[in-house]
Amino acid sequence: MKKLSITLIIVLFMLSWAQAQEPRYLVIEFIKVETGQMYDFIEHKDFMGKVYQVAVNDKKITGWDFWSLQSGADSGEFQYITITYYKDPVSMMNGISDDDLVKYAMIAYPHLGDKQIRDLYGRSLLSRDLAQRSYMAEIATTKDNFKMSKGVLASFDLMKAVEGRFDEYEKAEREVFLPIHQKRINRGLMGSWSLLRTALPFGSEAKSTHLTINLYKDYLQFFNAQEFEDLESTAEQRAAEEKGLKSRDQKWVYLATLENLIR
């Protein structure tokens, strides 16, 4: 049964692959850090940044982001978001083993011995609580040349589509909301937009099924985008937007700042 489920996930992702020019596969982790562990976690962040750079050099992953949460549902729920990028769905589901991470850490820190590396890695894991992990595939994105850099802002919008009506919701995102975001990008009011579909878990009890990531170069662009009103939209377009909003439940919106990126 487990093998069948994994096969189904991979088939779904392969279908997504065929629908996008350059698909991305992302593991998004929402991380909570207790106040007393904050100093240790800062060391963990720096430690893992160097380790993931070696993983990128080894082509195990294609990138890693570290985001600091600015606002969301509950500031005590989690404070950080990390994104690990993979080249294909199989690599994403396999992930990076602890042994590989230790191997990469030994390359990143050649002056440390095996025991020191394993102790450092173990302590770093204890400094944070993994509140949630999502395996996702990018299924739609705007046409842009936005360059990621430290200080970039992102709005992570968690959506829950009606079970059995994913196609209806995704069609609304592609045909209604993607053009709206594309227009904002063309007018310099936004950097990039993408729609992601989650792989696990499926079912009516899933907290969210999709995620949109809205990128802005700074707060000025972000607030200008919030004030933008498309006076050129027709009544038909506004009706389609209203219908699209009803195709999903927007669970939470999280605003975060990019603190580190590895490519």
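Being a predicted model, the structure only gives us computed values, none of them experimental.

## Some details on the side chain of Thr-198
Here's step 1: Here Thr-198 is to be found in strand 6 (residues 192-200).
Here's step 2: In this structure Thr-198 comes out as buried when scored by relative accessible area, which is 4%.
Here's step 3: In this structure the side chain of Thr-198 is engaged in a polar contact, spanning 3.5 Å, whose partner is the backbone oxygen of Tyr-135.
Here's step 4: In this view, Thr-198 contacts Ser-134, Tyr-135, Met-136, Ser-208, Thr-209 and His-210; residues no more than four positions away in its chain are not counted.

## So, unusual backbone geometry
Here's step 1: Phi is positive for Lys-59, which is not a glycine, with a value near 65 degrees.
Here's step 2: Relative to the helices and strands, Lys-59 is located in the loop between helix 2 (38-57) and strand 2 (63-71).
Here's step 3: A relative accessible area of 66% means that Lys-59 is categorised as exposed.

## Section: the pattern of salt bridges
Here's step 1: Counted under the stated rule, the structure contains ten salt bridges.
Here's step 2: Of the charged contacts, one joins Arg-24 and Glu-138 as a salt bridge, the two residues approaching to 2.9 Å between their closest N and O atoms. Taken together, the positions of Arg-24 in the loop between helix 1 (2-19) and strand 1 (25-32) and Glu-138 in strand 4 (residues 129-141) put the pair 114 residues apart, joining distant regions of the chain.
Here's step 3: The class of Arg-24 is partly exposed, set by a relative accessible area of 33%.
Here's step 4: For the salt bridge of Lys-60 with Asp-100, the shortest nitrogen-to-oxygen distance reads 3.5 Å. Remark: Asp-100 occurs in helix 4 (residues 98-108) and Lys-60 occurs in the loop between helix 2 and strand 2; sequence separation between them is 40 residues.
Here's step 5: By relative accessible area, which is 31% here, Lys-60 ends up partly exposed.
Here's step 6: The exposure class assigned to Asp-100 is buried, which follows from its relative accessible area of 18%.
Here's step 7: The network of salt bridges with shared partners includes Lys-60, Asp-100 and Lys-103.

## Topic: the confidence of the model for the protein chain
Here's step 1: When pLDDT is averaged along the protein chain, the result is 83, and 79% of the positions lie at 70 or above.
Here's step 2: By mean pLDDT, the top-scoring element of the protein chain is strand 7 (residues 210-216) (96), and the lowest-scoring one is helix 1 (48).
Here's step 3: Across residues 13-20, confidence stays below pLDDT 50; counting only partners more than four residues off in sequence or on other chains, it has 17 contacts.

Calculation rules
- Residues numbered from 1 in each chain as written.
- Predicted model: local features only at pLDDT ≥ 70, side-chain atom pairs only at ≥ 80, totals over all residues.
- Heavy atoms only, no water.
- Helix = DSSP H or I, 4+ residues; strand = E, 2+ residues; numbered from the N terminus.
- Buried < 20%, exposed > 50% of the residue type's maximum accessible area, 1.4 Å probe, protein only.
- Polar contact = N/O pair within 3.5 Å; in protein donor to acceptor, adjacent residues only side chain to side chain.
- Contact = heavy atoms within 4.5 Å.
- Salt bridge = Lys/Arg side-chain N within 4 Å of Asp/Glu carboxyl O.
- pLDDT = per-residue confidence, 0-100.

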